[in-house]
Amino acid sequence: MTENRIPEVLLFSAGLDSYPAWHYLGRPPGLYFDLGHRYASQERAAIAALSDAAGIEVEISDELRLGAWEAGDAIIPLRNVHLAMLAANRAEMVWCIGVKGDHTLDKSREAFADMGRFIARFSQQPTRVDSPFWDMTKTEIIAWYLAQNLPVEHLLLTFSCSRTDGSTVHCGRCPSCLRRWTSLVNNGVEAEFEQQPWTWDRVQEFYIPAMREGRYPDHRAHEFFAALATIGAAVAS
Ligand SMILES: [Zn+2]
């Protein structure tokens, strides 16, 4: 048994999902694992900025150095399983943020339910792992945040980019930046990018055909084309 467990903890990465989640969940304590992965320094800078600006309290832990397992595409096998196990030493309810349409092996409603059962069984302590956002898209999460009259400036302090050179400016040339841009532009929020995400070659060469052909969930395609329409990008076939 783990002594002094708290009721809940939010795995906080200072991203565009976990920061609104902190508000949505009523400002629970945050927990960040610096895994020694390639963009940890930018995430830590964003956490520090959000702590100053919004008052979020985040425990920074370096007890889990998984960076050595990071693949070329930045995927760390079983990442969320590792995070959930150590978070469950601290709290019964572990909030780990996934959003509508997420379906990686260790990030889905079913995966999190399995993790909660697994940890509860082997720790002999009640444990739940869940996200509050399974029925909300990123665009809807931002819309919720803005509807609470929470500051746009704080939202822009979040970091959600997979660049690995240490810069804290969003590159505009990675899938994370494209999703960030889509959800912000659909809510009328202008954000800084080193290069505009909609001008990325992959948009024309991959995303537009893939979205048209139904290789993404309908809501993703809908929001993607809505974002492109707002800047009048040439998406005609
Ligand atoms: Zn990026």
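The structure reproduced in this document is the subject of the present report. Because the structure is predicted, anything quoted here is derived from the model rather than measured. (Residues numbered from 1 in each chain as written. Predicted model: local features only at pLDDT ≥ 70, side-chain atom pairs only at ≥ 80, totals over all residues. Heavy atoms only, no water.)

What follows is about the nonpolar core. Of all hydrophobic cores here, the largest spans 52 residues; its most connected members are Leu 10, Phe 12, Tyr 19 and Phe 224. Within the residue set of this core, elements represented by two or more residues are helix 1 (18-24), helix 2 (40-54), strand 4 (91-95), helix 5 (138-147), helix 7 (175-185), helix 8 (201-212) and helix 9 (218-230). If we skip the residues at most four places from it in the chain, Phe 224 touches Leu 178, Thr 182, Val 203, Tyr 207, Ile 208 and Met 211. (Core = buried A, V, L, I, M, F, W, Y, C linked by side-chain atoms within 4.5 Å. Buried < 20%, exposed > 50% of the residue type's maximum accessible area, 1.4 Å probe, protein only. Helix = DSSP H or I, 4+ residues; strand = E, 2+ residues; numbered from the N terminus. Contact = heavy atoms within 4.5 Å.)

A word on the pattern of salt bridges. Per the counting criterion, the structure on display carries twelve salt bridges. Between Lys 138 and Asp 17 there is a salt bridge, with its nearest N and O atoms 2.9 Å apart. Placement of Lys 138 in helix 5 and of Asp 17 in the loop between strand 1 (6-11) and helix 1 is noted, with a sequence separation of 121 residues between them. Overall, Lys 138 belongs to the buried group, its relative accessible area being 17%. Accessibility expressed as a relative area gives 14% for Asp 17, which makes it buried. Of the charged contacts, one joins Asp 114 and Arg 117 as a salt bridge, the two residues approaching to 2.6 Å between their closest N and O atoms. (Salt bridge = Lys/Arg side-chain N within 4 Å of Asp/Glu carboxyl O.)

The zinc ion binds to the protein through Cys 161 (SG), Cys 171 (SG), Cys 174 (SG) and Cys 177 (SG), with metal-donor distances spanning 2.3 Å. Counting the intervening residues between successive donors of the zinc ion yields the motif C-x9-C-x2-C-x2-C. Taken together, the positions of Cys 161 in the loop between helix 6 (152-155) and helix 7 and Cys 174 in the loop between helix 6 and helix 7 put the pair 13 residues apart, joining distant regions of the chain. Assessed through its relative accessible area of 3%, Cys 161 is described here as buried. (Donors = N, O, S within 2.8 Å, 3.2 Å for Na, K, Ca; no water.)

Once that is clear, we can look at the sheet that holds strand 5 (residues 128-130). With respect to topology, five strands assemble into an open sheet ordered 3-2-1-4-5, the strand pairing being parallel. Because the sheet does not close on itself, it has two edges, and the strands there are strand 3 (58-61) and strand 5. Each strand axis lies, on average, 25 degrees off the axis of its neighbour in the sheet, ignoring direction. For strand 2 (residues 30-33) and strand 3, the ladder comprises four bridges, and the chain directions are parallel. From the neighbouring strand, Gly 30 faces strand 3, where its bridge partner is Val 58. Its contacts with the sheet place helix 3 (residues 79-87) against strand 1, strand 2, strand 4 and strand 5, and it is angled at close to 130 degrees to strand 2. (Pairing = 2+ DSSP bridges. Axes fitted to C-alpha atoms, helices over the stretch in contact; angles between N-to-C directions.)

In this structure the tally under the stated criterion is zero disulfides. Between Cys 96, a free cysteine, and Cys 174, which holds the nearest cysteine sulfur, the sulfur-to-sulfur gap is 19 Å. Owing to a relative accessible area of 7%, Cys 174 belongs among the buried residues under this scheme. (Disulfide = S-S within 2.5 Å.)

Before going further, it helps to examine a nonpolar patch on the surface. Taken together, Met 85, Phe 118 and Phe 122 make up a surface patch of nonpolar side chains, about 300 Å² in accessible area. The residue Phe 118 is located in helix 4 (residues 109-123) in this model. (Patch = residues over 30% accessible without salt bridge, like charges linked within 9 Å, V, L, I, M, F, W, Y side chains within 5 Å. Areas by Shrake-Rupley, 256 points an atom, 1.4 Å probe, with all protein chains shown as cover.)

Take Met 85: it is sitting in helix 3. Taking the relative accessible area as the measure of exposure, Met 85 reaches 34% and is therefore partly exposed. As a C-alpha pair, Met 85 and Phe 118 span 33 residues in sequence and 9.3 Å in three-dimensional space.

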